[in-house]
Amino acid sequence: MRKIFLVAQREYLANVKTKGFIVGILFFPLLLTVMIAAPQLLERTRSARRYAVVDESGWLLAAVEQRITGTDLGYVFESVLEKHDEGAEQFSQLPPILQNLVPVLRQLQPGQAFVFARHLVAAVDGGLAVPGAERLPQAARAVAVERGAAILEWWRGLPPSEAKALSSRVSMNRFVRVNGTGSSASRQAELNRRVRDGDLFAYFVIGADPTTGSEGSKYVSNNLTDEDLREWFGSNASQQVRARRLESEDIDPEVAQWIQEPLRFEALKLSESGEEEQIEERDTLRQWAPVAFVYLLWISVWSVSNMLMMNTVEEKSSRVIEVLLSSVSPVQLLAGKIAGIAATGLTLVSSWLVFFVLGTKFVPRLMGAPPSLDLSSLATDPTYILSFLAYFILGYLLYAAILVGLGSVCNTVSDAQNMLPPVMLFLIIPLVSMIPIGRDPNGMLAQVMSFIPPFTPFVMMNRAAGPPTTMEYVLTTALLVLSIVAALWAGAKIFRIGVLLTGKPPKLKEILRWVRAPVGMVPVRSDRRER
Amino acid sequence: MNNALTLTSVTKRFGSVVAVEDVSVSVPYGSIYGFLGPNGAGKTTTIRMIMSILYPDAGSITVLGSAPETIKDRLGYLPEEKGLYKKMKAGDMLAYFGKLKGMASGEAGARATKLLEQFGLGEWTDKKCEALSKGMGQKVQILGTLIHDPELVILDEPFAGLDPVNVEIIRDLILELRRRGRTVIFSTHVMEQAEQICDYIFLINKGRKVLDGTLAEVKSRGDQGLVVDYDGDGSVFRRLPGVRRINDAGKTAEIFLEEGTNPQEILKQLVDAVTVRRFDMREPSLHEVFIRAVGGENDA
């Protein structure tokens with residue numbers, strides 16, 4: 001027992017003190033941060049798309065511009081309120097014309113800032129009526145009439161950099177229209193050239209009569225993957241065309257909106273006492289939280305048992321193993337190694353868990369999620385944490401036994417890497433079935449896979465929100481423990497022969513023969529001799 | 001019980017290959033016992049069985065009066081395939097070997113430091129093993145074998161890869177062990193080394209014992225030969241009549257005569273062709289014994 005402890009202690013210290021381990025600890029949180037932050041950063045660095053519009057209709061471009069201005073102003077109004085709520089310092093830097101709007105903005109319903117902004121633009125520039133404008137508070141309608149012109153004049157005179165500073169979501173951050181209101185066909189040839197040269201991202205041609213149909217309207221670009229501009233401009237144009245059609249058919253926009261209103265089914269769930277309850281975002285997340293744990297579990301089990309394998313191969317290739325075997329038995333050595341790496345793994349995984357919990361506590365807040373979305377209480381749910389740790393230990397033991405057996409017959413790290421793909425192929429399965437099982441945690445697939453021991457840890461973790469019945473827990477765990485005992489027994493037999501073996505790694509058939517042979521017997525392929 | 005090690009009819013098979021067959025040998029306490037044999041003869045397998053890393057299929061092994069697996073802590077073993085943990089400090093490495101043999105942690109650490117000092121490696125105590133040269137690494141390994149002061153030490157090719165200075169240091173170490181009453185088994189295929197320090201010889205070939213006994217006994221079994229130290233063109237040896245075998249090493253040669261050949265005649269012919277510095281009659285070298293035993297068997 002003391003020898004097992006000595007081996008484990010050395011194994012733990014040797015692994016924990018490496019740079020690789022520190023990197024490993026930081027790797028996971030770094031990966032998460034990069035995965036979350038990178039798309040946003042990339043979005044920010046993307047330069048604004050330059051586009052031109054050839055308007056054959058004579059009215060639609062102006063209408064679209066109005067709508068875009070209204071939307072941009074809406075964003076600005078929203079951020080005025082946000083800044084007012086957050087703190088005096090930022091708010092005091094806003095231009096007075098915006099500061100004065102706070103009392104009016106306060107009276108608006110959520111989302112009404114856009115209606116107000118569009119209505120303000122329409123009130124000044126004329127044009128199509130804005131749906132919902134009648135429901136704006138009286139004060140807002142008055143402001144639109146009295147101060148609208150001044151606000152629009154200020155806004156249109158604002159340099160783009162200052163406009164962007166007011167709200168990150170204004171359109172000029174992403175799309176910039178360059179002059180091009182001409183309508184002659186010769187201009188299109190000129191625009192084609194500019195698109196080809198990369199000077200323009202794309203240009204639009206609006207057909208002569210867009211209210212009748214799409215004839216003559218087109219979008220020309222050499223970029224086939226980024227559809228944002230087409231969708232954004234297209235939806236603004238469609239809105240305005242729709243409004244025009246309603247007007248020409250003399251249909252009240254309110255009526256039109258009501259006609260289009262879908263029938264909504266309120267989603268409810270049954271509480272444990274059988275009462276109907278509203279479903280909150282939190283409940284959905286609770287259902288999906290295990291998936292995050294499965295992912296973490298998968299990475300942990302795989303990387304830690306891999307660590308054991310590589311460690312065994314390195315020990316073998318450094319030829320220190322026979323010296324050790326003169327002092328400890330192979331089984332003691334194996335037990336010590338498995339225990340030492342388990343301790344290393346637990347240290348690693350616990351630190352990841354801490355990062356994970358801290359991450360769920362602070363990251364959503366940084367990304368603007370409401371405080372009511374309490375992710376960290378999900379992440380620290382004892383059922384999840386305890387099942388995670390239990391399944392980590394069980395999963396690690398199973399895969400450790402398999403990989404240490406494989407590792408012991410390899411002489412170099414590259415031999416070992418050649419052995420990994422089949423194991424990997426098998427291990428992909430619980431990862432692929434993660435989402436289907438998350439959707440249906442007590443379904444057929446989930447139940448069947450729970451009883452396949454190599455999948456049990458991942459699948460049962462996956463089902464934690466179900467949750468599975470106690471009977472299932474007992475049976476699957478018993479089966480898993482039996483498999484671990486069998487795998488350790490076979491792994492130990494392979495290990496005690498494999499570690500002394502030099503030369504080409506044996507075939508699977510030979511390894512299976514070792515497992516079947518009685519302890520102490522060492523069957524070896526007939527074409528090699530021991531010295 | 002006056003034997004440190006007794007093997008009785010030990011047989012070990014790997015599948016259809018017989019690695020060691022019906023080998024019996026006794027190693028007395030306080031002796032230096034050489035295990036000799038060509039590559040693949042079964043030396044390492046025999047040693048692994050003594051260390052209970054492998055188990056014999058038949059026969060029995062008694063080490064220090066007990067079954068081998070029960071007294072691992074009283075044995076020291078330097079395998080042929082040896083290595084150190086690259087990232088571990090030399091001092092920690094030695095101490096770890098000691099602790100695995102049952103030494104208390106503090107004692108092992110203190111003794112590791114002392115041994116490294118004693119063998120001129122003091123400044124390496126806190127250096128990682130990967131920084132050691134091959135010879136230094138080997139010295140650390142040998143010290144690791146001895147740190148717990150074992151009663152029986154088995155050294156598999158301890159001199160391989162060492163320079164003459166270190167060979168001497170290790171040889172002195174082995175002789176010192178015998179002086180203190182320890183038993184040393186060491187395997188080699190360099191006959192000169194074995195001849196210099198062994199009290200007993202055990203020769204194995206193709207898994208079978210070829211001969212064993214004291215060095216003197218083994219050598220006296222072979223017939224006497226002429227030893228000639230010379231300078232000049234050695235091709236003359238091939239023209240000598242009445243000669244059965246010659247081991248010509250360039251500056252010195254061992255000549256075995258056929259029945260009835262007069263050594264005086266041989267000397268006469270030699271002085272005409274080369275400068276003879278020494279010419280005497282004596283027991284065959286271990287090299288000759290080895291070649292004859294192994295070669296003869298191979299011819300059969």
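Keep in mind that what you see is a predicted model, and the values were worked out from it rather than measured.

A. Focus on the overall build of chain B. Secondary structure summary: chain B contains 10 helices and 13 strands in total. In chain B, once contacts between residues fewer than 6 apart in sequence are set aside, the share between residues at least 24 apart is 68%. When the accessible area of chain B is evaluated, it comes to approximately 12,800 Å², of which 48% is carbon and sulfur surface. Considering chain B, the positive charge centre built from 38 side chains and the negative charge centre built from 41 side chains are found 5 Å apart.

B. Structural context of the overall build of chain A. Along the backbone of chain A there are 23 helices and six strands. What you see for chain A is a C-alpha radius of gyration of 33 Å, clearly larger than the 24 Å of a compact globule of 531 residues, by over 25%. C-alpha atoms of chain A, sized along the principal axes, occupy 100 × 65 × 45 Å. With 531 residues in all, chain A has 46% of them scored as buried. For chain A, the proportion of contacts with a sequence separation of at least 24, taken over those separated by at least 6, is 72%. Accessible area for chain A stands at about 27,200 Å²; split by element, carbon and sulfur atoms hold 60% of it. Across chain A, the 52 positively charged side chains and the 50 negatively charged ones have centroids separated by 15 Å.

C. Spatial organisation of a positive patch on the surface. The grouping of A:Lys504, A:Lys507, A:Lys509, A:Arg513 and A:Arg516 at the surface amounts to a positive patch. Here A:Lys509 shows up in helix H23 (residues 508-516).

D. Looking closely at the sheet that holds strand S4 (residues 58-63) of chain B. All names here are of chain B. One open sheet accounts for three strands, arranged S2-S1-S4; its pairing is antiparallel. The sheet is open, and its two edges are formed by strand S2 (17-28) and S4, each paired on a single side. Direction aside, the axes of adjacent strands within the sheet are offset by 15° on average. Where helix H1 (residues 43-50) meets the sheet, it contacts strand S1 (3-14), S2 and S4, and its direction lies at approximately 120° from that of S1.

E. How the structure looks around the nonpolar core. By size, the foremost hydrophobic cluster in this structure holds 161 residues, and its most contacted members are B:Val63, B:Met93 and B:Leu286. In terms of residues, this core owes the most to one element, helix H13 (residues 281-317) of chain A, which gives 15 residues. Among residues more than four places away in sequence, those in contact with B:Met93 are A:Val320, B:Leu84, B:Tyr85, B:Met88 and B:Cys129. Grouped together as the second largest cluster of nonpolar side chains are 34 residues, A:Val102, A:Val121, A:Leu136 and A:Val170 included.

F. Highlighting the packing of aromatic side chains. Tallied over the entire structure, the rule returns 21 aromatic pairs over all chains. Their ring planes at 85° and their centres at 5.1 Å tell us that A:Tyr75 and A:Phe114 sit as a pair that is edge-to-face. Here A:Phe114 lies in helix H7 (residues 112-125) and A:Tyr75 lies in helix H3 (residues 60-86), a separation of 39 residues in the sequence. With 4.9 Å between their ring centres and 65° between their planes, B:Tyr230 and B:Phe237 make a pair best called edge-to-face. An aromatic cluster of three or more residues is present, and its members are A:Tyr51, A:Phe175, A:Phe204, A:Tyr219, A:Trp232 and A:Phe233. The ring centre of B:Trp124 lies 5.1 Å from the NZ or CZ of B:Lys127, which sits over that ring.

G. Local environment of the sheet that holds strand S11 (residues 243-248) of chain B. Residue and element names in this part refer to chain B. With antiparallel pairing, four strands are arranged side by side in an open sheet as S11-S12-S10-S13. Each edge of the open sheet is held by one strand with a lone partner, namely S11 and strand S13 (275-282). Ignoring strand direction, the axes of neighbouring strands in this sheet form an average angle of 20°. One ladder, built from four bridges, connects strand S10 (residues 225-231) with strand S12 (residues 252-257); its direction is antiparallel. Residue pairing across strands places Leu 226 opposite Ile 255, the latter belonging to S12.

H. Highlighting the interface of chain B and chain A. Chain B puts 41 residues into the contact, and the matching count from chain A is 30 residues. Taken together, both faces of the contact between chain B and chain A bury some 3,300 Å²; the carbon and sulfur share is 54%. Between the two partners, chain B and chain A, sit two salt bridges. In this structure, the salt-bridge partner of B:Asp73 is A:Lys3, at a minimum N-O distance of 2.7 Å. Inspection of the chain B/chain A interface yields 12 residue pairs in polar contact (both at pLDDT 80 or more). Contributions of two or more residues to the side of chain B that touches chain A are made by S1, S2, H1 and helix H2 (90-100) of chain B. Looking at which element gives the most residues to the side of chain B that touches chain A, the answer is H2(B), with five residues. For the side of chain B that touches chain A, the class distribution of residues is 18 nonpolar, 10 polar and 13 charged.

I. Seen up close, the pairing of S10(B). All names here are of chain B. A large share of S10 lies buried, amounting to six of its seven residues. Two elements, S10 and S13, share seven bridges in a ladder whose sense is antiparallel. Looking at the pairing, Tyr 230 lines up with Val 276 of S13.

J. Quick peek at the pattern of salt bridges. Residue and element names in this part refer to chain A. As enumerated under the stated definition, the model contains 35 salt bridges over all chains in all. Two residues, Arg 230 and Glu 227, come together in a salt bridge whose shortest N-O distance is 2.9 Å. A residue is classified by how much of its surface remains accessible, and Arg 230, at 40% relative accessible area, is partly exposed. Glu 227 gets classed as partly exposed once you look at its relative accessible area, which sits at 26%.

K. Representation of unusual backbone geometry in the model. Residues and elements named next belong to chain B. Non-glycine residue Asp 149 carries a positive phi angle of around 50°. Despite not being glycine, Lys 206 shows a phi value in the positive range, around 50°. Positionally, Lys 206 belongs in the loop between strand S8 (200-205) and strand S9 (208-214). Judged by its relative accessible area of 48%, Lys 206 falls in the partly exposed class.

L. Region of the structure containing the side chain of A:Lys3. With respect to the helices, strands and loops of the structure, A:Lys3 is situated in helix H1 (residues 2-16). Judged by relative accessible area, which is 14%, A:Lys3 ranks as buried. A:Lys3 has contacts with A:Ser327, A:Val328, A:Gln332, B:Asp73 and B:Leu100, leaving out every residue within four places of it along the chain.

Conventions used here
Residues numbered from 1 in each chain as written. Chains lettered and ligands numbered in written order. Predicted model: local features only at pLDDT ≥ 70, side-chain atom pairs only at ≥ 80, totals over all residues. Heavy atoms only, no water. Helix = DSSP H or I, 4+ residues; strand = E, 2+ residues; numbered from the N terminus. Contact = heavy atoms within 4.5 Å. Areas by Shrake-Rupley, 256 points an atom, 1.4 Å probe, with all protein chains shown as cover. Lys, Arg positive; Asp, Glu negative; His and termini not counted. Charge placed at Lys NZ, Arg CZ, Asp CG, Glu CD. Rg over C-alpha atoms; globule rule 2.2 N^0.38 Å. Buried < 20%, exposed > 50% of the residue type's maximum accessible area, 1.4 Å probe, protein only. Patch = residues over 30% accessible without salt bridge, like charges linked within 9 Å, V, L, I, M, F, W, Y side chains within 5 Å. Salt bridge = Lys/Arg side-chain N within 4 Å of Asp/Glu carboxyl O. Pairing = 2+ DSSP bridges. Axes fitted to C-alpha atoms, helices over the stretch in contact; angles between N-to-C directions. Core = buried A, V, L, I, M, F, W, Y, C linked by side-chain atoms within 4.5 Å. Phe/Tyr/Trp six-rings, centres within 6.5 Å; stacked < 30°, edge-to-face > 60°. Lys NZ or Arg CZ within 6 Å of the ring centre and 35° of its normal. Buried area = accessible area lost by both parts, 1.4 Å probe. Polar contact = N/O pair within 3.5 Å; in protein donor to acceptor, adjacent residues only side chain to side chain. Nonpolar A, V, L, I, M, F, W, Y, C, P; charged D, E, K, R; others polar.

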